[in-house]
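Summary of the model geometry
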Amino acid sequence: MKKVFLQSFPFFIILLLFSCSHDPVQKTNTINPDVYVSGVKANHACYWKNNQLITLNDLSATESVADTIIVSGTDVHILGAKNTSSNPISLYWKNGTVTNLNSAFSTSTEPCIGVGKMDIYNNDVYFLGMTQNTTVTPNTYNLAYWKNGVKTIVATYPTDQLMMTGIKIINNNVYVNIYAEINGTLLNGYYVNQTFVPITNAILWNCDSDGTDPYIYGRNFANYNGYYKNLNTNIETLISNSSAILKMCFDNGNVYCTNGQTLFKNGNIYLSYLGVNTYNDYYTINSFQIVDDSLFLMTDETINTNSSSLKLQRLLIENVLYQQNGTDEVFNSLFIAH
């Protein structure tokens, strides 16, 4: 059985340093949100709420990680994993109570290989993962999602080598991005429920929504520019001199996205980064969220010297340092609850 890893596995850190200029923004609202950061402390899964550490039960793992964090109402949902000698085990925490998803989603003839993505919609919890059908020879593999524990098979493949890049529930429809090469055939596109829509002009990274319209995003095939598309209007946006779009955000009618080094607003540069400098220092955007025109930015930083590298992660609110990781801490994802 091949290994299926969450995006955070194996346990490595890519940590980087930023230098930026932020466009002045006229504030119309003063917000006092709760700031959540998921990650790792001393090799064990944890999260921070408003910079206060909360450790998580990782079922006696020697190593574990908290990855995606979503807050819905008063509930804190976290998807992560624990490391084992064979395959990582997918873990889910709701308000600190842990569930082994591999066990919960397995049957005697169809083991769950792993769960890699999560979304919350109208307080329903969705997971995206893979199962292995052992009743046929050779075995087949089901791309599936679970809504509140109830499985729906999206599609069946002869291999588990799929890149499940995202799941997003939009207007009660389940959008799933995948990318794979199966028997020499490139499979690139997205599912709407169980209907596959191929994309031929871009490699997709993920999908998102402004609350009404679904978006897909990634990198354009023809010129390798950043790419996103509104699926309701069919309007495609290409961002010149940009690599793949890795994350999107929507606020007050504006569309924000990042390629990891630059933040764009409606296709124009909003926050500029310098990339690798002459000292080989490196910095990038790990995650971001914009709420009522306020920017919450998580950066990864590596500062190189002649003898060593200093690795940092920082969370800034409107360019003011709010939280910084310790030497035994890793920040993985950000969620602003307001």
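None of the values given here were measured: they were computed from a predicted structure.

What follows covers the sheet that holds strand β29 (residues 329-337). Spatial ordering of the open sheet is given by β4-β3-β2-β29, a layout of four strands whose pairing is antiparallel. With one partner strand each, in any of the chains shown, β4 (52-55) and β29 form the two edges of the open sheet. Each strand of the sheet is rotated relative to its neighbour by a mean of 25°, with strand direction disregarded. Inspection of the sheet shows strand β2 (residues 34-41) paired to β29 by eight bridges, in the antiparallel sense. The partner of Gly 39 across the bridge, within β29, is Phe 331.

The next thing to look at is unusual backbone geometry. Of note, the bond from Thr 137 into Pro 138 is cis; its omega dihedral lies within 30 degrees of zero at -5°. Note that Pro 138 resides in the loop between β10 (124-133) and β11 (140-147). Even without a glycine there, the phi angle at Asn 123 is positive, about 65°. By the secondary structure assignment, Asn 123 is in the loop between β9 (112-121) and β10. Despite not being glycine, Asn 252 shows a phi value in the positive range, around 50°. Mapped onto the elements of the fold, Asn 252 is located in the loop between β21 (247-251) and β22 (254-258).

Reading the values: the criteria
Residues numbered from 1 in each chain as written. Predicted model: local features only at pLDDT ≥ 70, side-chain atom pairs only at ≥ 80, totals over all residues. Heavy atoms only, no water. Pairing = 2+ DSSP bridges. Helix = DSSP H or I, 4+ residues; strand = E, 2+ residues; numbered from the N terminus. Axes fitted to C-alpha atoms, helices over the stretch in contact; angles between N-to-C directions.

So far we have only geometry, and geometry alone does not tell us how the molecule works.
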